[in-house]
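As a plain string of letters, each chain reads:
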Amino acid sequence: MKLSVVIITKNEEKVIEDCLKSVSWADEIVVVDDYSTDKTAEIAKKYASKLLFRKLDTLGKQKRFAISQARHDWILSLDADERVTPELAQEIQSLLKGKPPLGAYNIYFTNHFLGHPVKYGGEDYYHLRLFHKDFAEMTPAAIHEGLRAKGEVGFLKGKISHYSYKSLRQVIKKFWQYSKPEGEKLLESGAKFRYFYLVKYPLLDFYIRVFHKRGYKDGIWGILLALAFSFYEFARFWQYFRLSRFGQFSLDRSKEKILPSGISVSVVIVSWNTKEVTRNCLTSVFRETKNLNFEVFVVDNASTDGTVPMIKKEFPQARLIENSENKGFAAANNQAIRKAAGEFILLLNSDTIVIENAIEKLACFARTHSDAGVVGGRLLNKDKTLQPSARNFPNIFTHFIEINGWHNCLKKNKYLGFIRKFYHLISSHDKSRKVDWVSGAFFLIRKEVIEKVGLLDEHYFMYSEEMDFCFRVKKKDWEVYFTPEAEVIHLGGESARQVKEEMLLAQFQTFRLFCQKNYSYFNRLLLDTVTKGALTGLRLRIWLSRKVRGDSREKQEMGAAYGKVWEALS
């Protein structure tokens, strides 16, 4: 039998390494982190088989999610401040070598208060922590979450060392945080508040722990721990008082999250020598995505500008895939898509900046439109002006206008409105609607669609791969949607600017590939003729401009680039 250890974390850099070392013998270690701001994720990455990131809603739900991500049937659930003793480790390994007689096991705890072991005052306890997935389930409680067994439960002899109480300040802070949901539970129970509860229950708890449960035998540490729990009793009834008298906290739980408890979105970012913009992109993703369970992949296509070291140092929570060569946009995205666990997969350009929780908005839109195979959001320029985000599939007329660069004139000239309406390059950006295809810079795909349609076509090195994918999606009777509800800033072409000639050539070649794959021979012939005719006109315009206005390096480069495209298409 193989064992998965599951651990949830939040800013646990002081204790997490000892916890992970104590279970390094396990077959798998799954760590789910609540976006720690210290070195927790960096430390966990050294030991964990799987490091995931999820915003905490309740402890119980967080642990349920962690368990759902484990590959093996047998689970050992731990907190970051717990350590498996060598005796317990050996006992568990021996138990799982054969067929365990039971499906769940309790484990005894040795608790430590301010670094000192305490055995009395209610600290000699056990919890159900080792179990088979089919024989126990985690309760979704906000605090004091636990496992419910579905049959007989055994007991192990080995112990877990628990280092929950590290300082008086930490104990008070922890108990105060716990008191809020406990106060809500008291109010929801319908019990009537009495002022003397603020004195009665703290004193009663102190008496029980010190005298009835013999906490005095632990000396001053036992007394201090009893006082701490007395404070906890006072705090939870104080919260109850505030709720019942002043309504300080909201108990409205009617607004359930529209997204599921597992990973909702796998964000995929491909980088190639875009260190600074990739840093800004990742920063915006983690800053703006607050109420969504997501994971982030960065696929680096052999950058030489220090992108990889930057990601490792500044974003250890991102899953980095390093390529030894530039595999292109489609192939690099596919590498991450194959590993993605999300219900949706978001292809996000490295030169984008996420604003106003855009990723969650896009995912929510997809969840409420069950026929959506692909959803794209609205792209904005750096100055927040609109950028073309949704388009129709190309035809002879639209291709001729766009290749000559006349679409900008159509957008600006009010007298050409009738042509613009017929041309219809850019769909309305003011409302959500079905479209032919959306920009790959901010491109959400339902994972179910990938299973039916397939991955991105890796014959496309760069450009047109999203148009081709949308074409295939619509052929399978799924819809492509555009929504203005989700917006990102798109700087545009940061990788392409580095090699203009090659990228221009790739743009024409991939468009030709799209036509060859999806259009009839007659349409392909017409589009090829239009392309060659437009290129001839562009080269002639550049030649005349150089003769009349003088030569320039930019004109030389553009002329040479169009010449190479002509040769490639001939």
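The numbers attached to residues start from 1 for each chain and follow its sequence in the written order. In keeping with the predicted nature of the model, local features appear solely for residues at pLDDT of at least 70, side-chain atom pairs appear and are counted solely at 80 or more, and the whole-chain, interface and lining totals rest on all residues. As a rule here, side-chain values cover all heavy atoms of the structure and leave hydrogens and water aside.

### Side note on the packing of aromatic side chains
Spelled out, the test is: Stacked, tilted and edge-to-face pairs are distinguished by plane angle, under 30 degrees for stacked and over 60 for edge-to-face with tilted covering the rest, among Phe, Tyr and Trp rings (Trp via its six-membered ring) whose centres lie within 6.5 Å. In this analysis the charged atom, NZ for Lys or CZ for Arg, is taken to sit over a ring once it is within 6 Å of the ring centre and within 35 degrees of the ring normal.
By the definition in use, this model includes 21 aromatic pairs. An aromatic cluster of at least three residues, connected via ring pairs, comprises Tyr-35, Phe-53, Phe-286, Phe-294 and Phe-315. The ring of Tyr-163 is capped by Arg-83, whose NZ or CZ atom sits 4.1 Å from the centre of that ring. Above the plane of the ring of Phe-229 lies Arg-209, whose end atom (NZ or CZ) is 3.6 Å from the centre.

### Digging into the side chain of Asp-79
Let me state the cut-off plainly: Helix and strand labels come from DSSP, where a helix needs a run of H or I of at least four residues and a strand needs a run of E of at least two; each type is numbered from the N terminus. Within 3.5 Å is the distance limit for a polar contact, defined as a pair of N or O atoms, with the added protein rule that one can donate a hydrogen and the other accept it, and that residues adjacent in sequence qualify only through two side-chain atoms. The contact criterion used is simple: two residues touch if any of their non-hydrogen atoms lie within 4.5 Å.
In this structure, Asp-79 sits in strand β4 (residues 74–79). Within the structure, the side chain of Asp-79 is placed 2.8 Å from the side chain of Lys-63, a separation counted as a polar contact. Excluding residues that lie within four positions of it along the chain, Asp-79 makes contacts with Ile-7, Cys-19, Lys-63 and Arg-129.

### Structural notes on the packing of helix α8 (residues 275–288) against helix α9 (residues 307–314)
The geometry of a pair of packed helices is captured by two quantities: the angle between their axes and the separation between those axes. So the rule is basically this: For every element, the axis is a line fit to its C-alpha atoms; helices are fit only across the contacting stretch, and the angle between N-to-C directions ranges from 0 to 180 degrees. Convention used here: angles under 35 degrees read as roughly parallel, angles over 145 as roughly antiparallel, angles from 65 to 115 as roughly perpendicular, and any remaining angle as oblique. Handedness of a crossing follows from how the near helix is turned relative to the far one, being left-handed for an anticlockwise turn of less than a right angle and right-handed for a clockwise one. Here the term charged refers only to Asp, Glu, Lys and Arg, the term nonpolar to Ala, Val, Leu, Ile, Met, Phe, Trp, Tyr, Cys and Pro, and the term polar to all other amino acids, Gly among them.
One way to put it is that α8 packs onto α9 with a least axis distance of 9 Å and a crossing angle of 25°. As far as their axial angle goes, α9 and α8 are roughly parallel. In the crossing of α8 with α9, the sense of the turn from one axis to the other is right-handed. Between α8, through Lys-275, Thr-278, Arg-279 and Leu-282, and α9, the contact on the second element is made entirely by Thr-307, Met-310, Ile-311 and Glu-314. The residue inventory of the contact of α8 with α9, partitioned by class, reads 3 nonpolar, 2 polar and 3 charged.

### Re the pairing of strand β12 (residues 265–271)
Using the following cut-off: To sort residues, take the accessible area from a 1.4 Å probe on protein chains only and compare it with the maximum for the residue type: under 20% means buried, over 50% means exposed, and anything in between is partly exposed. Every crossover in which the path from the first strand over the helix to the second runs clockwise, viewed with the strands pointing away from the viewer, is termed right-handed. Strands qualify as paired when DSSP identifies two bridges or more between them.
Here β12 lies mainly inside the structure; 7 of its 7 residues are buried. What you see with β12 is no split at all: Val-265, Val-267, Ile-269 and Ser-271 on one side and Ser-266, Val-268 and Val-270 on the other are buried throughout. For the handedness criterion, the β-α-β arrangement of β12, α8 and strand β13 (residues 294–301) is classed as right-handed. By the bridge criterion, 4 bridges tie β12 to strand β15 (residues 344–348) in an arrangement that is parallel. Its bridge partner lying in β15, Val-265 is registered against Phe-344.

### Here's the deal with helix α6 (residues 197–212)
One full turn of an α-helix is made of 3.6 residues, so residues set three or four places apart face in the same direction. The criterion, for reference: Along the arc lie the directions from the helix axis toward the C-beta atoms.
Within α6 the residues assigned to the buried category are Tyr-197, Leu-198, Pro-202, Asp-205, Arg-209 and Val-210. Taken down its axis, α6 places every buried residue within 165° of arc, on the same side. Turned more than 90 degrees off the buried face of α6, the exposed positions are Val-199, Leu-203 and His-212. Note on α6: the residue one or two positions beyond its end, Arg-214, has a positive phi of about 60°.

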